[in-house]
Amino acid sequence: MKVAIIMGSKSDYPVVEKAEKMLESFGVQYETRIISAHRTPRQAEEFAASAESRGFGAIIAAAGKAAHLAGVLAATTPLPVIGLPMKSSTMDGLDSLLSVVQMPKGVPVATVAIDGAENAAILAVQILATADEGLRQAVKDFKKKQEEDIVALDREFNENR
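Residues numbered from 1 in each chain as written. Predicted model: local features only at pLDDT ≥ 70, side-chain atom pairs only at ≥ 80, totals over all residues. Heavy atoms only, no water.

The name an unreviewed UniProt entry assigns to the chain is N5-carboxyaminoimidazole ribonucleotide mutase, from the organism Candidatus Allocopromorpha excrementigallinarum. Taken verbatim from the UniProt record of the chain, the Pathway (unreviewed entry) comment is "Purine metabolism; IMP biosynthesis via de novo pathway; 5-amino-1-(5-phospho-D-ribosyl)imidazole-4-carboxylate from 5-amino-1-(5-phospho-D-ribosyl)imidazole (N5-CAIR route): step 2/2." (UniProt positions renumbered as here; feature names shortened; annotations may be inferred.)

Have a look at this one:
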């Protein structure tokens, strides 16, 4: 299975690229597209409706300001959608975060932090890992390495004080 990364604008790519790199580090295939909930709503609906049959297992939707992309996709697909609110000039992305997280009953969207591309990718990998033991082990290894890195950092910090 692969992950779809949909961004509302090309200007979102510097953040989205971090999600791509994280997915690559796990060996997960992805496809990145620019589809706007407001400017290309038919394409958004068509993409969401066909995502499952095209081999996607999760969708990351990155958008700023009104940030309706994740909700539009989630309304049409049975796949899990992860909303990635983008920092914008308005309210430093708080408007985006609130647009993504405040979904109506029956249309859930998982939401990560503003510009939290790496976490969006990790969550997508964890979703795929529920049906893939090898990927699940890769997530366990990733978490173990994070723990080891912090323990080493703590040791170094306390030895140099």
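Here the narrative resumes, following the displayed structure.
Section: the pairing of strand 2 (residues 30-34)
When a strand is regular, its side chains alternate between the sheet's two faces. Pairing analysis gives five bridges linking strand 1 (residues 2-7) to strand 2, with the strands arranged parallel. Note on strand 2: the bridge partner recorded for Ile6 is Arg33. The parallel pair strand 1 and strand 2, bridged by helix 1 (residues 13-25), forms a crossover whose chirality is right-handed. (Pairing = 2+ DSSP bridges. Helix = DSSP H or I, 4+ residues; strand = E, 2+ residues; numbered from the N terminus. Right-handed = clockwise from strand over helix to strand, strands pointing away.)

What to know about the packing of helix 5 (residues 117-129) against helix 6 (residues 133-159)
Interhelical geometry of helix 5 versus helix 6 gives an angle of 140 degrees and a closest axis separation of 8 Å. With respect to helix 6, the element helix 5 is oriented oblique. Regarding helix 5 and helix 6, the two cross each other, and that crossing is left-handed. Across the interface between the two elements, Ile122, Val125, Gln126, Leu128 and Ala129 from helix 5 touch Leu135, Arg136, Val139, Phe142 and Lys143 from helix 6. (Axes fitted to C-alpha atoms, helices over the stretch in contact; angles between N-to-C directions. Parallel < 35°, antiparallel > 145°, perpendicular 65-115°, else oblique. Left-handed = near helix turned anticlockwise from the far one by under 90°. Contact = heavy atoms within 4.5 Å.)

Points about the nonpolar core
With 27 residues, the main nonpolar core has Val3, Phe26, Val28 and Ile60 as its most contacted residues. Elements with a contribution of two residues or more to this core: strand 1, helix 1, strand 3 (56-63), strand 4 (81-85), helix 5 and helix 6. Here this core takes eight residues from helix 5, the largest share from any one element. The residues contacting Val28, other than those within four sequence positions of it, are Val3, Leu23, Val125, Leu128 and Leu135. Among the nonpolar cores identified, the runner-up in size contains 21 residues, and Ile6, Ala37, Phe56 and Val81 belong to it. (Core = buried A, V, L, I, M, F, W, Y, C linked by side-chain atoms within 4.5 Å. Buried < 20%, exposed > 50% of the residue type's maximum accessible area, 1.4 Å probe, protein only.)

Examining the layout of surface pockets
Of the voids in this model, the largest pocket is the one considered here, and its volume is about 300 Å³. What lines the largest pocket is a set of 18 residues, among which Gly8, Ser9, Ala63, Gly64 and Lys65 lie closest to the centre. In this structure, the second largest pocket occupies an estimated 180 Å³ of space. If you trace the second largest pocket, you find it lined by Met1, Gly27, Val28, Gly57, Ile127, Leu128, Thr130, Ala131, Asp132 and Leu135. Among the residues making up the lining of the second largest pocket, the classes are represented as six nonpolar, three polar and one charged. (1 Å grid on protein atoms, 1.4 Å probe; cavity = no way out; pocket = protein on both sides within 12 Å on 5 of 7 lines; lining within 4 Å. Points joined across faces, edges and corners; volume = space filled by probe spheres on them. Nonpolar A, V, L, I, M, F, W, Y, C, P; charged D, E, K, R; others polar.)

Here's the deal with helix 5
End to end, helix 5 covers 18 Å across 13 residues, agreeing with the expected 18 Å (1.5 Å per residue, within 8%). Ala117, Ala120, Ala121, Ile122, Ala124, Val125, Leu128 and Ala129 are the residues of helix 5 that are buried. Of the surrounding elements, those touching the buried residues of helix 5 are strand 1, helix 1, strand 3, strand 4 and helix 6. (Expected span 1.5 Å × (residues − 1).)

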